[in-house]
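Spelled out, the chains give:
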Amino acid sequence: MWGGSKLSSSGRRFLGGLRAGFRSTRADSSRLTTSAVYPKNQLSWILQVKPWVFNENRIMWFKSYSMTFACLNWMKNYRLPWTRPYSTSRTTVDSSEVKTFLALAHRWWDEQGVYAPLHSMNDLRVPFIRDNLLKTVANHQPGKPLSGMKILDVGCGGGLLTEPLGRLGASVIGIDPVDENIKTAQHHKSFDPVLDKRIEYRTCSLEEIVKDTVETFDAVVASEVVEHVIDLETFIQCCFQVLKPNGSLFITTINKTQLSYALGIVFSEQIAGIVPKGTHTWEKFVSPEKLESILESNGLSVQTVVGMLYNPFSGYWHWSENTSLNYAAHALKSSLQEHPAPAEFALKGETEELQAEASTNSGVQEELKK
């Protein structure tokens, strides 16, 4: 019927359509047959029936391969937060904060001036530090209860807290990034020969001394400091590094609440002038919950969090259950030696079971002999 006769152009198009449809149908049937014959080797089937898919699969395979090795490489290099090395190129010091405190360096020991609230805060924070440290020692000397202890006072300023801790018998190193603050602190301690021997001041940041003071201090104090640093996580990690096992970290700071903004910044700085304008940045305030989370994730176990309230009319501080403004926190550096490894527990349990089984077997043997 189609043989030797010539077809019109429309006929040729029709015939071409039939042939294309036949080829498509035959290809579909071969796919179904191949799928039925090779149900367990899907990739081989795809490459045989759809060779044009090979490039896509090859690209996906290489991507998967590289991602797997990248993940393995990350796991190999990963370290727990408190075991990672620190680079002194990472700073926690805010240069704008340094300028603010540089302008006030000569006013640290004016008990009626801008630092009056910090002078008054010693009535709470000194006993808070002392009493919690004494819980870790069996005996102490009367009059010098912290004798033999090494304390690092971070952001010591003019030494308002450093000196009282030294008078309690501790050997204290006070550090501050503002050189003028350290000069003021050194000048003031020079009037007391006893403090001159117990206290050392250095102009530096915390991260700059980590390498040389690993596990050196019984306690680290960061009072009214963490709300001024630019990298709180790194700051806490450095505190962990310089603490001895079971060492204490003491922090006093300001909560991040609407009330702390209204009273701590608007009222205290802009209206009442209790502290100079620009002393605090509300975005840097940290809540007790966030601080506790950072401490716990970096190997520090939180023991106490308690609120502090300041009365601007009387000029005194008192403890409070309310932490919505100021608060104090005490954390201990976790000691791995206190917690035996799970394998040790398993070995101990297995040993006890074997001993009990041997005892039972010997008892049965004795009964049989009788």
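Every value quoted in this text rests on a predicted model; they were computed, and no experiment measured them. Along each chain, the written sequence defines residue order, and numbers are assigned to residues from 1. Under the rules for a predicted model, residues below a pLDDT of 70 receive no local features and side-chain atom pairs below 80 are neither given nor counted, while totals for whole chains, interfaces and linings still include all residues. With hydrogens and water set aside, each side-chain value is computed from the structure's full complement of heavy atoms.

Draft legend 1. Molecular detail of the state of the cysteines. Criterion for a disulfide: a pair of cysteine sulfur atoms at a distance within 2.5 Å. Under the criterion given, the structure shown has zero disulfides. Lacking any disulfide linkage, C204 is separated from the closest cysteine sulfur, that of C156, by 9.0 Å. With a 1.4 Å probe rolled over the protein chains alone, any residue whose accessible area is under 20% of its type maximum counts as buried; one over 50% counts as exposed, and the rest are partly exposed. Judged by relative accessible area, C204 falls into the buried class, the value being 10%. Free cysteine C239: the closest other cysteine sulfur is in C238, separated by 7.2 Å. By relative accessible area, C239 is classed as buried at 0%.

Draft legend 2. Region of the structure containing the pattern of salt bridges. Here, a salt bridge means any side-chain nitrogen of Lys or Arg that lies within 4 Å of a carboxyl oxygen of Asp or Glu. Throughout the structure, instances matching the rule amount to nine salt bridges. We note a salt bridge from E215 to K333, for which the minimum N-O separation is 3.5 Å. In this pair, E215 sits in the loop between helix 9 (206–209) and strand 4 (217–223) while K333 sits in strand 8 (residues 326–333), placing the two residues 118 residues apart along the sequence. Note on E215: relative accessible area 43%, which makes it partly exposed. Taking relative accessible area as the criterion, K333 reaches 4% and is therefore assigned buried. In this structure, a network of salt bridges that share partners links the residues E163, R167 and D192. Helix and strand assignments come from DSSP, with helices taken as H or I runs of at least 4 residues and strands as E runs of at least 2, each series counted from the N terminus.

Draft legend 3. Structural detail: the environment of T203. Counting through the fold element by element, T203 comes out in strand 3 (residues 199–203). For T203, a relative accessible area of 39% puts it in the partly exposed group. Linking T203 and N181, residues 22 residues apart in sequence, is a C-alpha distance of 8.5 Å.

Draft legend 4. Layout of the packing of aromatic side chains. Planes of paired rings set the category: under 30 degrees apart is stacked, over 60 is edge-to-face and the rest tilted, where pairs are Phe, Tyr or Trp rings (Trp by its six-membered ring) whose centres lie within 6.5 Å. Taken as a whole and assessed by the stated rule, the structure comprises five aromatic pairs. Taking the centre distance of 5.9 Å and the plane angle of 75° together, the rings of F128 and F250 count as edge-to-face. Here F128 is found in helix 5 (residues 116–134), whereas its partner F250 is found in strand 5 (residues 243–254), with 122 residues between them in sequence. The same class applies to F128 as to F250, namely buried. Aromatic ring contacts, followed pair by pair, group F128, F250 and W319 into a single cluster. Between K256 and the ring centre of W282, over which it is positioned, the NZ or CZ distance is 5.1 Å. Should the NZ of a Lys or the CZ of an Arg lie within 6 Å of a ring centre and within 35 degrees of the ring normal, that charge is described as sitting over the ring. Above the face of the F240 ring, K333 is positioned so that its terminal group lies 4.4 Å from the ring centre.

Draft legend 5. Spatial organisation of the sheet that holds strand 8. Strands are treated as partners if at least two bridges between them are detected by DSSP. With mixed pairing, eight strands are arranged side by side in an open sheet as 3-2-1-4-5-8-6-7. Edge positions in the sheet fall to strand 3 and strand 7 (316–320), since each has one partner strand and no second. If you compare each strand with its neighbour and ignore which way they point, the axes differ by 20° on average. Contacts between residues were defined by any pair of non-hydrogen atoms, one from each residue, lying within 4.5 Å. To get an axis, fit a line to the C-alpha atoms, keeping to the stretch in contact for a helix; angles then go from 0 to 180 degrees between the N-to-C directions. On top of the sheet, helix 10 (residues 232–242) reaches strand 1 (150–154), strand 4, strand 5, strand 6 (300–311) and strand 8; it is set at about 145° to strand 5, its chief contact. Contacts between helix 12 (residues 288–297) and the sheet are confined to strand 5, strand 6 and strand 8, with strand 6 contributing the most and set at about 155° to the helix.

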